[in-house]
Amino acid sequence: MKRHLLRIGLLIGQVALAAIFIYAGYAKLREPWLQFAVSLSTFKLLPDSALEPLARFLPWAELALGIAILSGILLRWSALIASLLLTLFFAVLIRSYAMGLQVDCGCFGSGESALGPLRLAEEAAMLALALAVTIAAFRNRSAVRI
Amino acid sequence: MLFGQAAHKPAANFKESGSPTAPITLELYTDYQCPSCRAFYLEVLPQVISQYVATGKVRLVHRDYPLPQHQYSRIATKYANAAGQVGLYDVVANQLFKTQQEWEQNGNVDGEVAKVVPPGGMQKIRDLVKNDAHLDDSVVADQAMASRDGLNQTPTLVVVQNGKRQTISGMVQFNILKQYLDQILAKG
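Below: a short report on this structure. (Residues numbered from 1 in each chain as written. Chains lettered and ligands numbered in written order. Predicted model: local features only at pLDDT ≥ 70, side-chain atom pairs only at ≥ 80, totals over all residues.)

The interface is formed by 11 residues belonging to chain B together with 14 residues belonging to chain A. The element contributing the most residues to the side of chain B that touches chain A is helix 8 (residues 174-187) of chain B, with 4 residues. Tallied by class, the residues present in the side of chain B that touches chain A amount to 4 nonpolar, 7 polar and no charged. (Contact = placed C-beta atoms within 7 Å. Helix = DSSP H or I, 4+ residues; strand = E, 2+ residues; numbered from the N terminus. Nonpolar A, V, L, I, M, F, W, Y, C, P; charged D, E, K, R; others polar.)

Here you go:
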């Protein structure tokens, strides 16, 4: 019974996490890469030369990761990569907030609300979800495949 | 520099510059009281003009988008557009952005504009600001266009190529914008 509940919980979390990554990738890809490059530049972390390659690559990576999570193939590893990515994003947002930077996250395309406690809470919730899916996937070795 | 040099020959429409047959049109939405617009106008736009507008690659259109939270943005817009009607748009728009940090403190837009406009021209501008009921017509039109473009902040660039409009919100650094423009110009 416990194992059954774990599998259901994993399935729900897996779909939710996949949806987040697929939407994040899609939302960026429907805009010109320049828009995401502008968002990335507001974090004041990367040299100009890195902005275009990252603005072009990251949305496809998110989309691919979302599809991988949804399919359940190598779920443990794709969920782990998602957790690491979200940890990195969360750390960057915390840093920007602490520095008082006026950043345009661009996480789900342009036109998002300004960086503040609500935005950080959303990011933390996504990270918690990714960690939960990763832990559940490692515990449940017969990963769910959709 | 389009909006900054007195020597620049005003276009038929004073908010437009560059070749009408340029393959790309950049429509720039700004608010005179917005700090990022100031940075874009003073740091990025001169390079865009010298490398793309002056070379016939880009046609530039300035659009007004005064934000409601900026107390003096509307009056600054009126002065710029009145100046446009007397052939001094570039001079006054440049002055408004350059002295933004002064007039946004006390609303003395008139005083800052008067520093760069000869007395005769200044009187005409004041008359237009005071009496011209149609002075804001272009602003209303720009705001309607902004609504269609889904604008949510300034500065915003709309890149128009082959009839397709792509909106880029936020402060774009010239180096990134250059990479983008060069790519879409190469693709045609």
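Here the narrative resumes.
Between its first and last C-alpha, helix 7 (residues 137-149) of chain B extends 18 Å over 13 residues, near the 18 Å set by a 1.5 Å rise per residue. Positive backbone phi, at 70 degrees, marks Gly150 of chain B, one or two positions downstream of helix 7 of chain B. (Expected span 1.5 Å × (residues − 1).)

Let us look at the pairing of strand 4 (residues 156-161) of chain B. All names here are of chain B. The pairing of strand 2 (residues 24-30) with strand 4 spans 6 bridges and is antiparallel. Bridging across to strand 4, Glu27 finds its partner in Val158. Here 6 bridges tie strand 4 to strand 5 (residues 164-169), and the two strands are oriented antiparallel to one another. Its bridge partner lying in strand 5, Thr156 is registered against Ser169. Count of turn residues in the strand 4/strand 5 antiparallel hairpin: 2 residues, of which Asn162 carries a positive phi of about 50 degrees. (Pairing = 2+ DSSP bridges.)

Membership of the largest hydrophobic core comes to 55 residues, with the highest contact counts inside it found for Ala37 of chain A together with Tyr79, Ala80, Ala83 and Val92 of chain B. Top element by residues in this core is helix 1 (residues 35-53) of chain B. It accounts for 9 residues. Ignoring anything within four residues of it in the chain, the contact list for Val92 of chain B reads Tyr79, Ala80, Ala83, Val113 and Val117 of chain B. Of all hydrophobic cores here, the second largest spans 23 residues; its members include Ala79, Leu93, Val103 and Cys105 of chain A. (Core = buried A, V, L, I, M, F, W, Y, C linked by C-beta atoms within 7 Å. Buried ≥ 20, exposed ≤ 12 C-beta atoms within 10 Å, placed from the backbone.)

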